[in-house]
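Each chain, letter by letter, is given below.
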Amino acid sequence: MQNQHSFKSIPLTVADQQTHIERSEQLLSSTAPGTTPALYWSQAQPEGLVLGFSQKATILNPQATEGMPIYRRRAGGTAVLVGPHLLGLDVVLPANHPLVLADLVESYRWFGESWVRALRLLGVETRVVPPSEAHEQRALAKQEAVREREAVLRRACYASNSSYEVVVGQRKVVGLDMIRRRNGSLLQAGVLLSWESEKLAWLLGHTPMEQDLLRRELPARAVGLDELTKRSVTAGEIIKAFETALFL
């Protein structure tokens, strides 16, 4: 798809999430026509919770989140628990790059398909979610019979699937989002090394009933690579697989 020298890879950075948010913003702000696209790999330390751009902090359980760092990203979506269980990748593309399409949804396709190839190299068979399927799932979630239940579950970003995200069956493995500016695009991926559904149920459930719902349903909405491979997959393995898959 691309010449191997057309991306620069920034080595894995482990830092607090605010550092990653600011680094992503700096990389996007500094890109321009002719700039080499960048891959920025990250993991958060300490653990924290990142809210979507328009998501209200009132979704959080104040008892559970006391003392936990809370961040806000510039992209949409809902809450993501960051920490050693999640590997992040930011891809920064200048506006004139061939992978920056006028169609925002289709701009995710290459990214999701690259992750499918990467995970296959690790022995994990996944697929991307077609836009038609993502649209159908959104419509079903709005039906009166399930609307309240889905609203609680979708407080967690990995509890619903968007176009070209990477899944096993219906369980999300890689979540995607994007920020588009005049000078370029920032595509972001979060790869679940493990799925901390129990912790999210406590963080996002306001009542015992909501926590029970989240505890029961979240395990069916996403899955970590540890469960899929029956071992601990390292960040280094994933980085090597993705950067290999990117140029297949």
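Look up: the structure comes first, before these words.
Criteria and cut-off values
Residues numbered from 1 in each chain as written. Predicted model: local features only at pLDDT ≥ 70, side-chain atom pairs only at ≥ 80, totals over all residues. Heavy atoms only, no water. Helix = DSSP H or I, 4+ residues; strand = E, 2+ residues; numbered from the N terminus. Rg over C-alpha atoms; globule rule 2.2 N^0.38 Å. Contact = heavy atoms within 4.5 Å. Areas by Shrake-Rupley, 256 points an atom, 1.4 Å probe, with all protein chains shown as cover. Lys, Arg positive; Asp, Glu negative; His and termini not counted. Charge placed at Lys NZ, Arg CZ, Asp CG, Glu CD. Core = buried A, V, L, I, M, F, W, Y, C linked by side-chain atoms within 4.5 Å. Buried < 20%, exposed > 50% of the residue type's maximum accessible area, 1.4 Å probe, protein only. Polar contact = N/O pair within 3.5 Å; in protein donor to acceptor, adjacent residues only side chain to side chain. Pairing = 2+ DSSP bridges. Axes fitted to C-alpha atoms, helices over the stretch in contact; angles between N-to-C directions.

Colleague: What is the right way to look at the overall build of the protein chain in this model?
Modeller: If you tally the helices and strands in the protein chain, you get nine helices and 10 strands. In terms of C-alpha radius of gyration, the protein chain reaches 17 Å, essentially the compact-globule figure of 18 Å for 248 residues. Principal-axis analysis of the C-alpha atoms gives the protein chain an extent of 55 × 35 × 35 Å. Long-range pairs, those at least 24 residues apart, make up 74% of the contacts in the protein chain between residues at least 6 apart in sequence. When the accessible surface of the protein chain is totalled, it reaches about 11,600 Å², and 54% of it is carbon and sulfur. Measuring between centres, the 28 positive side-chain charges of the protein chain sit 4 Å from its 26 negative side-chain charges.

Colleague: When you look at the nonpolar core in this model, what are you seeing that I'm missing?
Modeller: Soluble globular proteins tend to pack their nonpolar side chains together in the buried interior. In this structure, Leu89, Val91, Phe111, Trp115, Val174, Leu225 and Ile238 are the most contacted members of the largest nonpolar core, which totals 39 residues. The set of elements that each furnish at least two residues to this core consists of strand E2 (38–44), strand E6 (86–94), helix H3 (109–121), strand E9 (171–181), strand E10 (184–192) and helix H9 (235–245). Judged by nonpolar contacts, the second largest core, of 31 residues, contains Ile21, Leu49, Val80 and Leu203.

Colleague: Help me understand the environment of serine 185 in this model?
Modeller: Note on placement: serine 185 falls in strand E10. Under the relative-accessibility criterion, serine 185 is labelled buried at 1%. Taking the C-alpha atoms as reference points, serine 185 and leucine 89, separated by 96 residues in sequence, lie 13 Å from one another. Beyond its immediate stretch of four places on either side in the chain, serine 185 contacts Leu28, Val91, Val92, Leu93, Val100, Ile179 and Arg180. Here arginine 180 takes part through its side chain, which lies 2.5 Å from a polar atom of the side chain of serine 185.

Colleague: Mind showing me how you'd approach the sheet that holds strand E5 (residues 80–82) here?
Modeller: Sheet strands line up and pair through hydrogen bonds in the backbone, either parallel or antiparallel. Pairing is mixed in the open sheet, where three strands are placed in the order E4-E3-E5. Of all strands in the sheet, those bounded by a partner on one side alone are strand E4 (70–72) and E5. Ignoring strand direction, the axes of neighbouring strands in this sheet form an average angle of 30°. Bridge analysis of strand E3 (residues 48–51) against E4 gives three bridges, and the strand direction is parallel. When the bridges of E4 are listed, valine 50 appears paired with tyrosine 71.

Colleague: I tried to follow the sheet that holds E9 on my own but got confused; where do I start?
Modeller: Pairing in this open sheet of seven strands is mixed, and the strands run E1-E2-E6-E10-E9-E8-E7 from one edge to the other. Among the strands making up the open sheet, the edge pair consists of strand E1 (8–15) and strand E7 (127–128). The pairing of E7 with strand E8 (residues 166–168) spans two bridges and is antiparallel. Looking at the pairing, arginine 127 lines up with valine 167 of E8. Sitting on the sheet, helix H1 (residues 17–30) touches E1, E2, E6, E9 and E10, and the angle it makes with E2 is about 170°.

Colleague: Would you explain unusual backbone geometry in this entry?
Modeller: Leaving glycine aside, a negative phi is the common case for residues, and trans is the common case for peptide bonds. Omega for the peptide link from glutamine 45 to proline 46 comes to 10°, which places this bond in the cis form. In this fold, proline 46 is placed in the loop between E2 and E3. If you check the backbone angles, tyrosine 164 has positive phi at about 70° while not being a glycine. Mapped onto the fold, tyrosine 164 is located in the loop between helix H5 (147–153) and E8. Of note in this structure, lysine 230 is not a glycine but carries a positive phi near 65°.

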